[in-house]
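Fold and contact review
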Amino acid sequence: MPRTNFDDLLKAGVHFGHLKRKWNPHMAPYIFMERNGIHIIDLYKTQAKIDEAAAALKQIAHSGKKVLFVATKKQAKDVVSDVVKNVNMPYVTERWPGGMLTNFATIRKAVRKMSAIDRQMASSNYKNLSKREKLQIERERTKLEKNLGSISELNRLPSALFVVDIIKEHIAVAEAKKLGIPTFAIVDTNADPNLVDFPIPANDDAAKSIELIVKAMCDAIQEGLDERKLDKEKREEEDAVETDEENENDSDNFEDENSEDANDENKRQQRRRRSAK
């Protein structure tokens with residue numbers, strides 16, 4: 001069963017592409033028709049690509065890996081941050097920090113600096129600082145939180161990248177490609193779908209279109225996380241049962257040994273009695 005309903009895709013305006021003169025020829029397989037100079041995207045192919053991408057993201061989440069969402073365009077910021085927070089995945093909705101993937105160690109240093117500032121603000125020495133020094137520290141903390149707060153839990157490179165508008169986020173896509181990180185993206189008719197591993201042909205300018213697709217991806221991720229949790233609980237139950245069985249076997253063996261020792265002692269006593277007679 002498809003993850004998205006055709007009517008929902010239609011209502012969200014997922015099918016609206018760009019003007020014909022702005023199109024990318026590589027998007028031809030996903031274009032249904034042209035109307036009033038605007039390309040119309042084939043929603044059946046969009047549905048298929050959504051299911052394909054969702055299945056891959058579900059598998060990544062099930063393996064316990066992270067997916068980084070990137071959406072810095074105005075109409076996508078709030079939508080992505082609100083939806084992605086629910087599945088506890090990292091996201092970038094402000095300016096993409098150049099080298100975030102290819103120079104990940106430096107980005108981690110900035111995140112650690114943010115943690116150090118938090119510790120400093122919580123210490124008793126912070127109260128002794130001048131008003132100006134406190135203001136400088138607070139401004140630096142606010143700047144770091146704005147740019148890196150949403151990736152503070154990202155301790156290693158993400159296992160996948162989900163991008164809204166690959167033209168605007170071309171640096172992020174290039175960095176992921178250089179490192180061999182799988183890329184998922186909403187690709188409009190003015191972009192090249194061959195630049196990403198899992199393109200989803202859709203309108204990347206309408207907030208409703210973006211929300212519908214990102215929510216479908218996050219639902220798949222949540223399913224993967226839930227299945228991972230169930231598998232973990234199942235393994236723990238199986239381990240507990242095996243431990244109980246081992247303890248029972250050890251107990252039985254101990255009783256058997258005690259019984260054998262008692263029998264040996266009885267035999268020795270009987271021999272002593274006979275020899276005494």
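First, a word on scope: everything that follows refers to the structure included in this document. The structure presented is a predicted model; accordingly, all values stated were derived computationally and were not measured. (Residues numbered from 1 in each chain as written. Predicted model: local features only at pLDDT ≥ 70, side-chain atom pairs only at ≥ 80, totals over all residues. Heavy atoms only, no water.)

**Quick look at the overall build of the protein chain**
Selection criterion: Where helices and strands are cited, they refer to DSSP runs of H or I of at least four residues and of E of at least two residues respectively, numbered from the N terminus. Each residue gets one of three labels from its accessible area relative to the maximum for its type: buried under 20%, exposed over 50%, partly exposed in between, using a 1.4 Å probe on protein chains only. Should any heavy atoms of two residues lie within 4.5 Å, those residues are counted as being in contact. The Shrake-Rupley method, run with a 1.4 Å probe sphere, supplies the accessible areas, and residue values consider only the shown protein chains as cover.
Secondary structure summary: the protein chain contains seven helices and eight strands in total. The burial tally for the protein chain puts 38% of its 277 residues in the buried class. When contacts within the protein chain are restricted to residue pairs at least 6 apart in sequence, long-range pairs at least 24 apart make up 64% of them. For the protein chain, the exposed surface amounts to about 16,700 Å²; the carbon and sulfur share of it is 48%.

**Here's the deal with helix α2 (residues 43–62)**
Rule in force here: Multiplying 1.5 Å by the residue count of a helix minus one yields the expected span of that helix.
Between its first and last C-alpha, α2 extends 28 Å over 20 residues, near the 28 Å set by a 1.5 Å rise per residue. Where α2 is concerned, the buried positions are Leu-43, Thr-46, Gln-47, Ile-50, Ala-53, Ala-54, Ala-56, Leu-57, Ile-60 and Ala-61. Once α2 ends, the next one or two residues include Gly-64, with phi positive near 85°.

**Side note on unusual backbone geometry**
Of note, Asn-36 is a non-glycine position whose phi angle comes to about 55°, a positive value. Note on placement: Asn-36 falls in the loop between β2 (31–35) and β3 (38–41).

**Overview of the packing of aromatic side chains**
When we look at a pair of aromatic rings, we describe it by the centre distance and by the angle of the planes. For the record, the criterion: For this analysis, a ring pair means two rings from Phe, Tyr or Trp (six-membered ring only for Trp) whose centres lie within 6.5 Å, classed as stacked if their planes differ by under 30 degrees, edge-to-face if by over 60, and tilted for the remaining angles. Charge-over-ring contacts are defined here by two conditions on Lys NZ or Arg CZ: a distance within 6 Å of the ring centre and an angle within 35 degrees of the ring normal.
For the structure on display, the rule yields three aromatic pairs. Arranged with centres 4.4 Å apart and planes meeting at 5°, the rings of Phe-184 and Phe-198 form a pair that is stacked. Placement of Phe-184 in strand β7 (residues 183–187) and of Phe-198 in strand β8 (residues 198–201) is noted, with a sequence separation of 14 residues between them. Residue placement shows Lys-134 over the ring face of Tyr-126; its charged tip is 5.6 Å from the ring centre.

**Here we look at the nonpolar core**
The condition that has to hold: Here, the term nonpolar core denotes a set of buried Ala, Val, Leu, Ile, Met, Phe, Trp, Tyr and Cys residues that are joined through side-chain atoms within 4.5 Å.
Counting residues in hydrophobic clusters, the biggest one holds 37 residues, and the most contacted among them are Val-67, Phe-69, Val-80, Phe-162, Val-164, Val-214 and Met-217. Apart from residues no more than four positions distant in its own chain, Met-217 is found in contact with Ile-50, Ala-53, Ala-54, Leu-57, Phe-162 and Ile-200. Ranked by size, the runner-up nonpolar core spans 31 residues in total, among them Ile-31, Leu-148, Ala-172 and Ala-191.

**Focus on the packing of helix α4 (residues 104–122) against helix α5 (residues 131–148)**
What counts is decided by this rule: Angles run from 0 to 180 degrees between N-to-C directions of axes, and those axes are lines fitted to C-alpha atoms, restricted for helices to the stretch in contact. Angle categories: roughly parallel below 35 degrees, roughly antiparallel above 145, roughly perpendicular from 65 to 115, and oblique for all the rest. Crossings are classed by handedness, with left-handed meaning an anticlockwise turn of the near helix from the far one by less than a right angle and right-handed meaning a clockwise turn. Gly is put with the polar residues, along with every residue not named as nonpolar or charged; the nonpolar set is Ala, Val, Leu, Ile, Met, Phe, Trp, Tyr, Cys and Pro, and the charged set is Asp, Glu, Lys and Arg.
It is the contact of α4 with α5, at a shortest axis distance of 10 Å, that shows an interaxial angle of 140°. With respect to α5, the element α4 is oriented oblique. Relative to α5, the crossing made by α4 is left-handed. Here Ile-107, Ala-110, Val-111, Lys-113, Met-114, Ile-117, Asp-118, Gln-120 and Met-121 of α4 come into contact with α5, specifically with Ile-137, Glu-138, Glu-140, Arg-141, Leu-144, Glu-145 and Leu-148. The residue makeup of the contact of α4 with α5, split by class, is nine nonpolar, one polar and six charged.

**Digging into the sheet that holds β2**
Selection rule: By this definition, two strands are paired if DSSP reports at least two bridges between them.
Strands sit in the order β1-β3-β2 across an open sheet of three strands; the sheet is antiparallel. Among the strands making up the open sheet, the edge pair consists of β1 (16–19) and β2. In this sheet, neighbouring strand axes are inclined to one another by 30° on average, regardless of whether the strands run parallel or antiparallel. In this structure, β2 lies alongside β3, joined through four bridges in antiparallel fashion.

**Section: the layout of surface pockets**
Quick reminder of the rule: Two kinds of site are reported from a 1 Å grid over the protein atoms alone, namely cavities, where a 1.4 Å probe fits but cannot get out, and pockets, open sets with protein on both sides within 12 Å along at least five of seven lines, and residues are called lining when an atom falls within 4 Å of a point. Grid points are joined across faces, edges and corners, and a volume is the space filled by probe spheres set on the points.
In this model, the largest pocket occupies a volume close to 230 Å³. For the largest pocket, the lining is made up of 14 residues, of which Leu-10, His-15, Phe-32, Ile-40 and Ile-41 are closest to its centre. At the level of secondary structure, the elements contributing two or more residues to the lining of the largest pocket comprise α1 (6–11), β2, β3 and α2. Each residue belonging to the lining of the largest pocket can be placed in one class, and the counts come to ten nonpolar, two polar and two charged. Approximately 170 Å³ is the volume attributed to the second largest pocket. Forming the walls of the second largest pocket are Arg-95, Pro-97, Ile-107, Ala-110, Glu-140, Lys-143, Leu-144, Asn-147 and Leu-148. For the lining of the second largest pocket, the element with the most residues is α5, which contributes five residues. Among the residues forming the lining of the second largest pocket, the class breakdown is five nonpolar, one polar and three charged.

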